[in-house]
Amino acid sequence: MEIHILLETKTGKKILIDDGVGPEFSRILLDDGYGNFIKIQTDQDFRTGQNSINVEAIGNVHVTSKTGEIFISVEKGSDSPIEIRNYGSSSINVTCDNQDINIFAGKNIDVSAVADMNVSVSGTLNMSSIEDMNIHSEKDIIFTSEGEIHLN
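Engineer: Which residues make up the overall build of the protein, and what values go with them?
Structural biologist: Within the protein, the secondary structure is distributed over 0 helices and 5 strands. Going from the N terminus to the C terminus, the protein shows its helices and strands as β-β-β-β-β. Compactness check: the protein gives a C-alpha radius of gyration of 24 Å against a globular reference of 15 Å for 152 residues, more than 25% above the reference. Within the protein, counting contacts between residues at least 6 apart in sequence, those at least 24 apart form 2% of the total. With the model as given, the accessible surface of the protein reaches about 14,800 Å², and the carbon-plus-sulfur share is 51%.

Engineer: Explain the pattern of salt bridges to me, and be specific about the residues and the numbers.
Structural biologist: The full count for this structure, using the stated rule, is 3 salt bridges. Between Arg27 and Asp18 there is a salt bridge, with the nearest N and O atoms lying 3.2 Å from each other. You can call Asp18 buried: its relative accessible area is 4%. Across the pair Glu56 and Arg47 runs a salt bridge, and its minimum N-O distance is 2.9 Å. Under the relative-accessibility criterion, Glu56 is labelled partly exposed at 24%.

Engineer: So, the pairing of strand S2 (residues 14–18): which residues are in play, and what are the values?
Structural biologist: Direction of pairing for strand S1 (residues 4–8) relative to S2: antiparallel, over a ladder of 5 bridges. In the sheet register, Glu8 faces S2, and the bridge partner there is Lys14. Hairpin remark: S1 followed by S2, antiparallel, with 5 residues in the connecting loop; positive phi at Gly12, about 100°. Relative to strand S3 (residues 27–31), S2 is paired through 5 bridges, and the arrangement is antiparallel. Bridging from a neighbouring strand, Leu16 pairs with Leu29 of S3.

Engineer: Hey, could you go over unusual backbone geometry for me, with residue numbers and the actual values?
Structural biologist: At Ser26, a residue that is not glycine, the phi angle is positive and equals roughly 50°. Locating Ser26 in the fold gives a position in the loop between S2 and S3. For Ser26, a relative accessible area of 12% gives the class buried. Even without glycine at this site, Asn51 takes up a positive phi of about 55°. Relative to the assigned elements, Asn51 resides in the loop between strand S4 (37–41) and strand S5 (52–56). Judged by relative accessible area, which is 59%, Asn51 ranks as exposed.

Engineer: An account of the sheet that holds S3 is needed here, citing residue identities and associated values.
Structural biologist: Strand order in the open sheet formed by 5 strands is S1-S2-S3-S4-S5, and the pairing between neighbours is antiparallel. Looking at which strands have only one partner, the edges of the open sheet turn out to be S1 and S5. For this sheet, the mean inter-axis angle between neighbouring strands, taken without regard to orientation, is 5°.

Engineer: Could you give an account of the side chain of Asp31, with specific residues and numbers?
Structural biologist: Tracing the chain through its elements places Asp31 in strand S3. Buried charged residue Asp31 carries no salt bridge. Nearest counter-charge: Lys14, at 4.6 Å. Of note is the side chain of Asp31, whose polar atom sits 2.7 Å from the backbone nitrogen of Gly33. Setting aside chain neighbours within four positions, we find Asp31 in contact with Gly12, Lys13, Lys14, Asn36 and Phe37.

Engineer: Run through the environment of Glu8, naming residues and quoting values.
Structural biologist: Inspection of the secondary structure assignment puts Glu8 in strand S1. Residues Glu8 and Gly22 lie 14 residues apart in sequence; the distance between their C-alpha atoms is 23 Å.

About the thresholds
Residues numbered from 1 in each chain as written. Predicted model: local features only at pLDDT ≥ 70, side-chain atom pairs only at ≥ 80, totals over all residues. Heavy atoms only, no water. Helix = DSSP H or I, 4+ residues; strand = E, 2+ residues; numbered from the N terminus. Rg over C-alpha atoms; globule rule 2.2 N^0.38 Å. Contact = heavy atoms within 4.5 Å. Areas by Shrake-Rupley, 256 points an atom, 1.4 Å probe, with all protein chains shown as cover. Salt bridge = Lys/Arg side-chain N within 4 Å of Asp/Glu carboxyl O. Buried < 20%, exposed > 50% of the residue type's maximum accessible area, 1.4 Å probe, protein only. Pairing = 2+ DSSP bridges. Axes fitted to C-alpha atoms, helices over the stretch in contact; angles between N-to-C directions. Lys, Arg positive; Asp, Glu negative; His and termini not counted. Polar contact = N/O pair within 3.5 Å; in protein donor to acceptor, adjacent residues only side chain to side chain.

Here it is, written out as structure tokens:
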């Protein structure tokens, strides 16, 4: 059952506040009529689930903070993942112009590539482990240096 307020322009832009009951109802929708929208969903949505916020754009999506932080989290006790995925044909780039990039995991960090994996630094590369460190290759392992190579 749909109980709503709808503001809509002649060109299809709309603001929908829906207080209905049942799947796909109980939502707030801001839609430009061209496939770009923001939807806050309380009841079950067949695509994004219950109690969800969906932002979808035909083009780019930018999130910018002029002076504050950007924080993405899943609260303690949840078993839901955080996933960053690119189904397209371009790269995912992480850049920090003026500080470090720190990665920490309470358990394992797994890194894999279907093709090549390259690591390069202009300073010193340090790899250390409190327990075993395993480096495995189906082919050659090549170490090159302009200076000395020390393996202990």
